[in-house]
Amino acid sequence: MKKIKKKKSSPQASPSFLIGWTHGEVPPPGYLAAWFDQIYGGPLQIRFLSTNGHQHFEATHTNWKVQVQLAPSVEVAEQWHGRLQWEHRHLVQLLAPPKMHADRQDEVLHIARIARGLTLLLEGTTYDVATGSYRNPSDWKDRGLMVFQVDDHVHVEQHEQVQQMRTWFHTRGLTKFGLDEIEIFQPIGLSERTVEPMLYEVAHQLMAQGKNPKVGERLSFEGEGRQVEVARHRTDPIYGMPLAFREIRLA
């Protein structure tokens, strides 16, 4: 007798951005398309993903796509409200496509532009899930279509680990590009001035390569004379979920 295999349900994708808002009505998707076309030249194509109104749709410009959920389920909304502890009554989710293109910078830029547009239209607050940062409408920087700034999408954080007498520096946001975060440790008291720019430069190189470096691999920065070496690969649940890191050391 042939065994019938049960179909596994695919896990809910983690959103790229969350937008909380309180006052007024959510604007129809056509308003978002009109805003995008005016600011970025368009065209933004709207494709509805539900037969029940306009609350779930895909916003596409050329090959770049993002799913927008204007009214996620009560369970999802309560989960994020509890985690973020903000006072907004309503929630919008932006989800990246399951398979991103080879040039992920364009895809990430597109999702950020849609997040910016909805934040302005709703007069709400954006939460960037990968970096753990918040943006109000006035915090968004207006960039042209051809401008890509690493620190718009990736942040560098530092934590003093007093027991180990060291400072831990690491990126947050490289996961948007399908990459592990990078980290470096240095003894407490040493100058921190060059660490953050170095991490941003290494992050930019990894985004350009589009793949994680192997342990033992060396990367050059600020000219051929300076290099870092990938020392190890590990995971850390510091932000409530396992996050993969590649530790780098000066070579």
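Heads up: the structure comes first, above all this text.
Nothing here was measured: the structure is a model prediction, and the numbers come from that model. (Residues numbered from 1 in each chain as written. Predicted model: local features only at pLDDT ≥ 70, side-chain atom pairs only at ≥ 80, totals over all residues. Heavy atoms only, no water.)

### Some thoughts on the overall build of the protein chain
Of the regular secondary structure elements, the protein chain holds five helices and 13 strands. For the C-alpha atoms alone, the extent of the protein chain along its principal axes is close to 60 × 55 × 35 Å. Within the protein chain, buried positions represent 45% of all 251 residues. Within the protein chain, contacts between residues separated by at least 24 positions form 52% of all contacts whose residues are at least 6 apart in sequence. For the protein chain, the accessible area works out to roughly 14500 Å², and carbon and sulfur atoms hold 50% of it. (Helix = DSSP H or I, 4+ residues; strand = E, 2+ residues; numbered from the N terminus. Buried < 20%, exposed > 50% of the residue type's maximum accessible area, 1.4 Å probe, protein only. Contact = heavy atoms within 4.5 Å. Areas by Shrake-Rupley, 256 points an atom, 1.4 Å probe, with all protein chains shown as cover.)

### Structural notes on the packing of helix α1 (residues 29-40) against helix α3 (residues 104-122)
The geometry of α1 relative to α3 is characterised by a closest axis approach of 10 Å and an angle of 115 degrees between their N-to-C directions. For α1 against α3, the interelement crossing comes out right-handed. Side by side, α1 and α3 meet where Tyr31, Leu32, Trp35, Phe36, Ile39 and Tyr40 of the first sit next to His110, Arg113, Ile114, Arg116, Gly117, Leu118, Leu120 and Leu121 of the second. Across the contact of α1 with α3, the residue classes break down as ten nonpolar, two polar and two charged. (Axes fitted to C-alpha atoms, helices over the stretch in contact; angles between N-to-C directions. Left-handed = near helix turned anticlockwise from the far one by under 90°. Nonpolar A, V, L, I, M, F, W, Y, C, P; charged D, E, K, R; others polar.)

### Remarks on the pattern of salt bridges
Within this structure, the stated rule accounts for nine salt bridges. For Arg47, the salt bridge goes to Glu58, with nearest N and O atoms at 3.2 Å. Of this pair, Arg47 sits in strand β2 (residues 45-48) while Glu58 sits in strand β3 (residues 56-61); the two residues are eleven residues apart in sequence, bridging distant segments of the chain. Taking the relative accessible area as the measure of exposure, Glu58 reaches 11% and is therefore buried. Among the ionic contacts, a cluster of salt bridges with common partners joins Glu183, Arg234 and Asp236. (Salt bridge = Lys/Arg side-chain N within 4 Å of Asp/Glu carboxyl O.)

### Concerning the nonpolar core
Within the largest apolar cluster, 25 residues are counted, with the highest numbers of intra-cluster contacts made by Leu199, Val202, Met207 and Ile248. No other element matches helix α5 (residues 195-209), which puts eight residues into this core. Excluding its chain neighbours within four sequence positions, the residues that come into contact with Ile248 are Glu183, Ile184, Met198, Leu199, Val202, Val228, Glu229, Val230 and Ala231. Residues Ala33, Leu70, Ala112 and Leu118 belong to the second largest nonpolar core, which totals 23 residues. (Core = buried A, V, L, I, M, F, W, Y, C linked by side-chain atoms within 4.5 Å.)

### Considering the pairing of strand β5 (residues 90-95)
Most of β5 sits out of view: five of its six residues are buried. The pairing of strand β1 (residues 17-21) with β5 spans five bridges and is antiparallel. For Ile19, the partnering residue across the bridge sits in β5 and is Val92. As judged from the three bridges shared by strand β4 (residues 64-69) and β5, these two strands associate in the antiparallel manner. Bridging from a neighbouring strand, Gln67 pairs with Leu95 of β5. (Pairing = 2+ DSSP bridges.)

### So, the packing of aromatic side chains
Within this structure, the stated rule accounts for eight aromatic pairs. Geometrically, the ring pair formed by Trp168 and Phe245 is edge-to-face, given 5.5 Å between the ring centres and 65 degrees between the ring planes. You can see Trp168 sitting in strand β9 (residues 166-172) and its partner Phe245 sitting in strand β13 (residues 243-250), a full 77 residues away along the chain. Neither Trp168 nor Phe245 differs from the other in exposure class; each is buried. Here the aromatic cluster, defined as three or more aromatic residues joined through ring pairs, consists of Trp80, Trp86, Tyr127 and Tyr134. The positively charged end of Arg166 is found above the aromatic ring belonging to Phe185, 4.0 Å away from the centroid. Looking at Arg172, its charged tip hangs above the ring of Tyr239, at a distance of 3.6 Å from the centre. (Phe/Tyr/Trp six-rings, centres within 6.5 Å; stacked < 30°, edge-to-face > 60°. Lys NZ or Arg CZ within 6 Å of the ring centre and 35° of its normal.)

### Quick notes on the sheet that holds β2
Strand order across the open sheet formed by seven strands is β2-β3-β4-β5-β1-β6-β7, with antiparallel pairing between neighbours. With one partner strand each, in any of the chains shown, β2 and β7 (133-135) form the two edges of the open sheet. Within this sheet the neighbouring strands show an average axis-to-axis angle of 25 degrees, counted without direction. Here four bridges tie β1 to strand β6 (residues 125-128), and the two strands are oriented antiparallel to one another. Bridge assignment links Gly20 to a residue of β6, and that residue is Thr125. Helix α2 (residues 74-84) rests against β1, β5, β6 and β7 of the sheet, and its axis sits at about 100 degrees to β5. Against the sheet, α3 touches β1, β3, β4, β5, β6 and β7, its axis set at about 35 degrees to β4.

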